[in-house]
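Observations on chain architecture
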Amino acid sequence: MPDRSRSPYRSERTTRWRRRGAVIAMMAFSAAGISVPAWSDSGPDTERPAHECADATEECVGVIEVPKDWNDPEGDTIEVPFAFVPASGEGEARGTILANEGGPFAQLVGVESVTEVLGPVLEERNLLMVEMRGFGDAAPLDCGEYDILVPDSIAECAEELAEDAPYFTMAQAVHDHDAVRSALGIDTLTLFGNSYGTMVMQSYISHYPQRVDAMMLDGVLNITDDGYTDTLNRFLHQQAALEGLAEVCSFSDACDDLPGEPADRLTEVVEQLREEGATEDLFTLSAPVINSQNMPDLGRETNAALAARLDGDPAPLQRTLVEYAIPEGSMDRAPDPAFLSYNCSDGEFPFDRDASREERRAQLDDFYETEQPFAPFTVEETIVGQLGVSEADWCVNWPAGDGPPVDVQADVPDVPVLITSGGRDTGTPTSGARRTAERFPGATLIVMPYEGHGNVYPSGIEELDCPTHQARDFLSDPETPAADHGCDDPPYLAQGAFPETVSDLGDLDVADLSGQEARAVHVSFATASDAAVRRHPAAWRALELAETTGIRGGEITFDDDTATIGLDSVRYVEDAAATGEVSHTPTGDVDADITLDTGDATHEVTLSWSQMFAGETTDVSGSIDGTPFTATIPAP
């Protein structure tokens, strides 16, 4: 995700716009009995106020004033900043894209990252981003110090903000977005939302269908029949993770041949760890490991590591649990109060919205006990139980706002809609994307089987940026039917086994090499590729590792300045140790120079292969003790 540690837009330019005076956008709406002013949808273009940014020829950050409560347009007002980026090409722009990155969090700090996503699209189209009220410079909510891990602290913050918080919800903020559109004199918008931004756009299109000419949603939040975000579908069960564990295994012949079902293997391992009192390991397994099957290292290894442990070999899984243990204190940072205000108002939870705090807690606890949404883990064994990191647990202590963010009774416009979903996205799973697509008559749903959440951000590596090009093609020309770019090339195939000895690897037939030499090539490749996958360009969590271990001993160190990996007596199997260096490129090319000690002999081995995408076999070239070879090595 982009860095939001500071905003490049909280600058002299913003202050200058405020000094010049804000445009008063006292809009009101027919929804919820609110009247429509003469200069909005029913009024002629000439009666709309024109903000100075409307005539900008370069990026312009402005501010408008809007009612704090859109149901009371004559009451108090707040300031809402926005950023307008005119199309960079010659001639008149072909339209304006309203974008929201998600969160909910401050939006104007993300203008640069959205610009990178859209790239050449912005040669012909304008970009508009509106700050979410309560974040950034848009009347930020603040209750001083509070501790997100302490329920009473959340409740105290909610009480301190009780007068303002009901107006800092998407049901209110959606009208800010249209007020900015009107102030700029823009007739229609193309909507682009990522993650929570998909709910922002679904809210907008439900309230202003006549103002939308197309919409793209990535990592979509499903909306319930009552117009709230489907929080249960997103956070409160492990079903998507279990389905993902099974699906990645089904893509691989070696993994698919394992006995039993992935969910059953996981359940058995959980029971073992529970009996051993391995609380921290259960915590790690339930969160980053099972929910991160989009990453090449975890996706490749998890099923086989579970099977190995059940077969009496705990080493592969234990290394994974050490690598992905959540650092102490890393989850302690409290989100902005506005984050709670939006989520607790916009979401549908397993408790009554109008119940007391104590009644909500009892209802949520009953849900956990009867529904067991985290099975095979207990609540206490998950990140929710240990840290309270669940919107439901937070929102027990925060009052709900008035009304849903999405008007589900509104007519849905028949405009082009593209919905993209990562098949390995457990936060906003594809099941919700399918239901969302059914709501829009002009919708195309594209599922990318190995992708996770937030796929449209470019990596700078062409081979991995298929989702970015998918988005750009649609947003550049929504009237052309959305084409599936085939964003399904596998960055990995799930392993079927972790061999314990050289002989467990199986025979490898390589022309001009003896059986001993071929086995040495095989184990050298297995050892080097096990290290190299932790620097696969898509293995973003593993990129945080400075060092790790071989499965059965030895040290692996990562030097990202030189794009090299050091191997020091690394044992992928028990009876062979590799020492040397592995180099890698952003495009997935890997070279290894290894001294392999098998106890009976020592071999000098060089290897070259590509790890960007995987198949049932890998073509490898190199030399062993000076003899060149080419080999086709089956996936483990």
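Scroll up for the structure.
For the structure given in this document, a descriptive report is provided here. All values reported here derive from a predicted model rather than from experimental measurement.

This paragraph deals with the environment of proline 490. For proline 490, the location among the structural elements is in the loop between helix H18 (466-476) and helix H19 (515-532). Separated by 39 residues in the primary sequence, proline 490 and glutamate 451 place their C-alpha atoms 9.4 Å from one another. Among residues more than four places away in sequence, those in contact with proline 490 are Tyr450, Met612, Phe613 and Ala614.

Between helix H10 (residues 279-289) and helix H12 (residues 315-323), the shortest axis-to-axis distance is 9 Å and the interhelical angle comes to 75°. One way to sum up the angle between H10 and H12 is to call them roughly perpendicular. Counted together, Asp281, Thr284, Leu285 and Val289 of H10 and Leu317, Gln318, Thr320 and Leu321 of H12 form the full contact between these two elements. Looking at the contact of H10 with H12 residue by residue, the class counts come to four nonpolar, three polar and one charged.

With that out of the way, let us pick up the sheet that holds strand S16 (residues 617-624). Strand-to-strand pairing in sheets goes through backbone hydrogen bonds, with the strands running parallel or antiparallel. The strand order S10-S11-S12-S13-S14-S15-S16-S17 describes an open sheet built from eight strands, whose pairing is antiparallel. Pairing within the sheet leaves two strands with one partner each, and these edge strands are strand S10 (547-549) and strand S17 (627-634). For this sheet, the mean inter-axis angle between neighbouring strands, taken without regard to orientation, is 25°. As defined by bridge partners, strand S12 (residues 564-573) adjoins strand S13 (residues 576-584) across six bridges and the pair is classed as antiparallel. Pairing of threonine 564 across the sheet is with serine 583, part of S13. Where H19 meets the sheet, it contacts strand S11 (555-559), S12, S13, strand S14 (589-597), strand S15 (602-610), S16 and S17, and its direction lies at approximately 55° from that of S15.

Once that is clear, we can look at the packing of aromatic side chains. Tallied over the full model, the rule gives 11 aromatic pairs. Geometrically, the ring pair formed by phenylalanine 367 and tyrosine 368 is tilted, given 6.1 Å between the ring centres and 50° between the ring planes. Each member of the pair phenylalanine 367 and tyrosine 368 is classed as buried. Ring pairing ties together the aromatic residues Phe135, Tyr196 and Tyr342, which thus form one cluster. The lysine or arginine in question, arginine 133, covers the ring of phenylalanine 168, its NZ or CZ lying 5.9 Å from the ring centre. In this structure, arginine 535 is placed above the aromatic ring of phenylalanine 558, and the distance from its NZ or CZ to the ring centre is 4.1 Å.

Here the focus is unusual backbone geometry. Going from glycine 103 to proline 104, the amide bond is cis rather than trans, its omega being 5°. One can find proline 104 in the loop between strand S4 (96-100) and helix H2 (111-118). For the peptide bond that leads from alanine 375 to proline 376, omega is 15°, which places it in the cis range. Along the polypeptide, proline 376 turns up in the loop between helix H14 (357-371) and helix H15 (383-387). Positioned with a positive phi, alanine 563 is a non-glycine residue whose angle comes to about 55°. The topology assignment puts alanine 563 in the loop between S11 and S12. You can call alanine 563 partly exposed: its relative accessible area is 23%. Backbone geometry at serine 569 places phi at a positive 50°, although glycine is not the residue there. Mapped onto the secondary structure, serine 569 falls in strand S12. Of the residues examined, serine 569 reaches a relative accessible area of 35% and is grouped as partly exposed.

What counts, and where the lines are drawn
- Just so you know, the residues in each chain are numbered from 1, in the order the chain's sequence is written.
- Residues qualify for local features only when their pLDDT is at least 70, as the model is predicted, and side-chain atom pairs are given and counted only at 80 or more; totals for whole chains, interfaces and linings, by contrast, use all residues.
- Where side-chain values are given, they derive from all heavy atoms of the structure, hydrogens and water being excluded.
- Each helix is a run of H or I in the DSSP string that is no shorter than four residues. Each strand is a run of E no shorter than two, and both are numbered from the N terminus.
- When checking whether two residues touch, look at their non-hydrogen atoms; a contact exists if any pair is within 4.5 Å.
- Throughout, an axis means a line fitted to C-alpha atoms (over the contacting stretch in the case of helices), and angles, computed between N-to-C directions, take values from 0 to 180 degrees.
- Here the word oblique covers every angle except those under 35 degrees (roughly parallel), over 145 (roughly antiparallel) and from 65 to 115 (roughly perpendicular).
- Residues are grouped as follows: Ala, Val, Leu, Ile, Met, Phe, Trp, Tyr, Cys and Pro are nonpolar; Asp, Glu, Lys and Arg are charged; all remaining types, including Gly, are polar.
- Two strands qualify as a pair provided DSSP detects at least 2 bridges between them.
- Aromatic rings from Phe, Tyr and Trp, taking only the six-membered ring of Trp, are treated as a pair when their centres fall within 6.5 Å; an angle between ring planes under 30 degrees marks them as stacked, one over 60 as edge-to-face, and anything in between as tilted.
- Any residue under 20% of the maximum accessible area for its type is buried, any over 50% is exposed, and the rest in between are partly exposed; the area is computed with a 1.4 Å probe on protein chains only.
- In this scheme, Lys NZ or Arg CZ marks a charge over a ring once it lies within 6 Å of the ring centre and within 35 degrees of the ring normal.

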